[in-house]
Amino acid sequence: MTAKQKHTARKIAVAATAATAVAAAAVSGSAYLLHYALASERKTQQQYVKHLVKHSPREALPWLAGLRDSHALRDTTALIGGRRMHALYIAAPKPTRHTAVLVHGYKDCSISMLHIAYIYNGLMGFNVLLPDLYGHGRSEGGHINMGWLDRLDVMRWMDIANRMWGGDTQMVVHGISMGAATTMCVSGERLPAYVKCFVEDCGYTSVWDEFAHQLHDQFGLPAFPLLYTASAINRMRYGWSFADASPLKQVAKCRLPMLLIHGDKDDFVPSSMVYPLYAAKPQPKELYIAHGTRHARAFRDHPAEYIRRVREFVGRYIK
């Protein structure tokens, strides 16, 4: 081998070593990102209650306190996909087949949606079911599915709620944050006739978009290469990629009515995401922008307007 050839070989070896090191760093960083974003994190019941009170308007607090005293709030479990899943439920004050399934957000649980249950049960007289998503609350699971596989679990809970209250219900599904993304993912599936409408509050366009935003916002990093590698690892581990989990694609297939809500000061799930969602959703649809409101705080900041919007919208489709 000539000196020139030896020099070229050394350069190739150095480049290969560097490329291997970069690839290893990308895989390691992506694995950390995946754990950071998707590891299950369960709080104590006291922490969930504190979160609930923080996000509840004053008007809802007496009703919430009364739940404890009246014993109206009950537990149920179901075996879904081979896993034991938990939900809370509240029967309507008077027998009715009007039913709401309420879906909580990222690293929250069913308790965190009780302020929304106030609207449906306390004011509108609906039956209410509040599931703990996979890896949350008292449901089994060691990671978070970001609403994508959760859509299948929620559809099973919808069927359980329908049978629980007579088998011929009129149902609304209402979610906040990741629960809103779950709700939108449900909306694009083939659904039974008892489902009448949806309410999504501050959901994201896709898991890819939301993680890309958080990667830039929290760490100042671009999507490439970490997000690409993390998505590939997630597909190998859990069977779905970040691009698969697209509420935007799902709402484009939804023909049922949907109310979309977002705060115009939301920088966790950027307010800009609601506009392509609204554009993709076929009629009938309605958009409510809560002014001066940050993430998941529209009801707390504007209780009277939030209640009015929800009651009027749902009331058009559940008589």
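Presented here is a report on the structure given in the accompanying data block. (Residues numbered from 1 in each chain as written. Predicted model: local features only at pLDDT ≥ 70, side-chain atom pairs only at ≥ 80, totals over all residues. Heavy atoms only, no water.)

1. Looking at the environment of His115
If you trace the backbone, His115 turns up in helix 4 (residues 114-123). Here His115 falls in the buried class, since its relative accessible area comes to 4%. Linking His115 and Trp63, residues 52 residues apart in sequence, is a C-alpha distance of 9.0 Å. Beyond its immediate stretch of four places on either side in the chain, His115 contacts Leu52, His55, Ser56, Leu64, Ile176 and Phe299. (Helix = DSSP H or I, 4+ residues; strand = E, 2+ residues; numbered from the N terminus. Buried < 20%, exposed > 50% of the residue type's maximum accessible area, 1.4 Å probe, protein only. Contact = heavy atoms within 4.5 Å.)

2. Overview of the sheet that holds strand 8 (residues 285-290)
Pairing is mixed across the open sheet formed by eight strands, whose spatial order is 1-2-4-3-5-6-7-8. Of all the strands in the sheet, just strand 1 (74-80) and strand 8 have a single pairing partner and so form its edges. Strand-to-strand, the axes of this sheet are offset by a mean angle of 20°, without reference to chain direction. Bridge analysis of strand 3 (residues 98-103) against strand 5 (residues 170-176) gives six bridges, and the strand direction is parallel. Of the residues in strand 5, the one forming a bridge with His98 is Gln170. The sheet strands contacting helix 6 (residues 178-187) are strand 3, strand 5, strand 6 (195-201) and strand 7 (258-263), and the helix crosses strand 5 at an angle near 140°. (Pairing = 2+ DSSP bridges. Axes fitted to C-alpha atoms, helices over the stretch in contact; angles between N-to-C directions.)

3. A look at helix 7 (residues 207-219)
Between its first and last C-alpha atoms helix 7 spans 17 Å; for 13 residues at 1.5 Å apiece the expected length is 18 Å, and the two agree. Among all positions of helix 7, only Val207, Trp208, Glu210, Phe211, Gln214 and Leu215 are buried. Seen from one end, helix 7 has its buried residues packed into an arc of 165°, which puts them on one side. At the C-terminal side of helix 7, Gly220 shows a positive phi close to 65°. (Expected span 1.5 Å × (residues − 1). Arc of directions from axis to C-beta.)

4. Some remarks on the state of the cysteines
If you walk through the whole model with that rule in mind, you get zero disulfides. Looking at the unpaired Cys185, the closest cysteine sulfur is the one in Cys254, lying at 11 Å. Assessed through its relative accessible area of 1%, Cys185 is described here as buried. Distance from the sulfur of Cys254, which forms no disulfide, to the nearest cysteine sulfur (Cys197) is 10 Å. Its relative accessible area of 0% is what places Cys254 among the buried residues. (Disulfide = S-S within 2.5 Å.)

5. Topic: a nonpolar patch on the surface
Together, Tyr32, Tyr36, Phe219 and Leu221 give the surface a local cluster of nonpolar side chains, amounting to about 400 Å² of exposed area. Secondary-structure assignment places Phe219 in helix 7. (Patch = residues over 30% accessible without salt bridge, like charges linked within 9 Å, V, L, I, M, F, W, Y side chains within 5 Å. Areas by Shrake-Rupley, 256 points an atom, 1.4 Å probe, with all protein chains shown as cover. Salt bridge = Lys/Arg side-chain N within 4 Å of Asp/Glu carboxyl O.)

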